[in-house]
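# Chain and residue survey
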Amino acid sequence: MPGMKDNTAQIQQQLDRAMKIALLAIRTDAVGMVRDTMDYAYPKPIYYNGDLWLDISAEINSEGNGIVVGTNMEYAPYVHDGHAGHAVFFPNIGDKGEFRVMPGGYTPGRPFLTDTFKNSENAQRLVDIVADQIKQNMD
């Protein structure tokens, strides 16, 4: 149509910027949500020495359209998924020590990552943060 200007590129650029800001905002909240789950969702909090709790992190994924929440602690899968036996830390193995699972019993998992994001209140909170950030950042 004559007299109409195509602003698609500018709108897409604003939307991309708003999404990046939204992802940065939910990154921090997601870490807090996982830590709250670790503290309060189970009869015994997941906070033995604080290392796992402190190592929870969230990063924007490689596609730039979501976040990845997790931890690099080697014993995290034993806590999250459970394991046969008992995890024991051996400080004299390797450079930093090592966890090994010793026979005897079963330790049930406490799936703190899964439980955090299955919680409908947490999921809705993340959706609301994204919506608010997009609304605020689309001039």
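Before any of the text, the structure's been laid out above.
Here the structure is a predicted model, which means the values were calculated and not measured. (Residues numbered from 1 in each chain as written. Predicted model: local features only at pLDDT ≥ 70, side-chain atom pairs only at ≥ 80, totals over all residues. Heavy atoms only, no water.)

## Overview of the pairing of strand S2 (residues 67-70)
In the sheet, strand S1 (residues 57-60) pairs with S2 via 4 bridges, with the strands oriented antiparallel. Bridged to Ile60 within S2 is Ile67. (Pairing = 2+ DSSP bridges. Helix = DSSP H or I, 4+ residues; strand = E, 2+ residues; numbered from the N terminus.)

## A closer look at the packing of aromatic side chains
Applying the stated criterion across every chain yields a total of 0 aromatic pairs. Positioned above the aromatic ring of Trp53, the side-chain terminus of Arg35 is 4.5 Å from the ring centre. (Phe/Tyr/Trp six-rings, centres within 6.5 Å; stacked < 30°, edge-to-face > 60°. Lys NZ or Arg CZ within 6 Å of the ring centre and 35° of its normal.)

## Overview of the layout of surface pockets
Here the second largest pocket defines a volume of roughly 180 Å³. Together, Asn49, Asp51, Met73, Glu74, Tyr75, Phe89, Lys96, Gly97 and Phe99 line the second largest pocket. Its residues assigned to classes, the lining of the second largest pocket comprises 4 nonpolar, 2 polar and 3 charged. (1 Å grid on protein atoms, 1.4 Å probe; cavity = no way out; pocket = protein on both sides within 12 Å on 5 of 7 lines; lining within 4 Å. Points joined across faces, edges and corners; volume = space filled by probe spheres on them. Nonpolar A, V, L, I, M, F, W, Y, C, P; charged D, E, K, R; others polar.)

## Concerning the pattern of salt bridges
In total, this model carries 2 salt bridges according to the counting rule given. One salt bridge in this structure joins Glu59 and Arg27, with 3.7 Å as the shortest N-O distance. With Glu59 in strand S1 and Arg27 in helix H1 (residues 8-40), the pair connects residues that are 32 residues apart, well separated along the chain. Judged by relative accessible area, which is 26%, Arg27 ranks as partly exposed. Across the pair Arg125 and Asp29 runs a salt bridge whose closest N-O atoms are separated by 2.7 Å. Residue Arg125 is found in helix H5 (residues 120-137), and its partner Asp29 is found in helix H1; the two are separated by 96 residues along the sequence. Judged by its relative accessible area of 41%, Arg125 is partly exposed. (Salt bridge = Lys/Arg side-chain N within 4 Å of Asp/Glu carboxyl O. Buried < 20%, exposed > 50% of the residue type's maximum accessible area, 1.4 Å probe, protein only.)

## Regarding the side chain of Thr37
Relative to the assigned elements, Thr37 resides in helix H1. With near-sequence residues (within four places) excluded, Thr37 lies in contact with Tyr42, Phe112, Asp115 and Thr116. (Contact = heavy atoms within 4.5 Å.)

## Quick notes on the side chain of His83
Tracing the sequence through the fold places His83 in strand S3 (residues 82-90). Residue classification places His83 among the buried residues on the basis of a relative accessible area of 10%.

What is shown is where atoms sit, not what they do.
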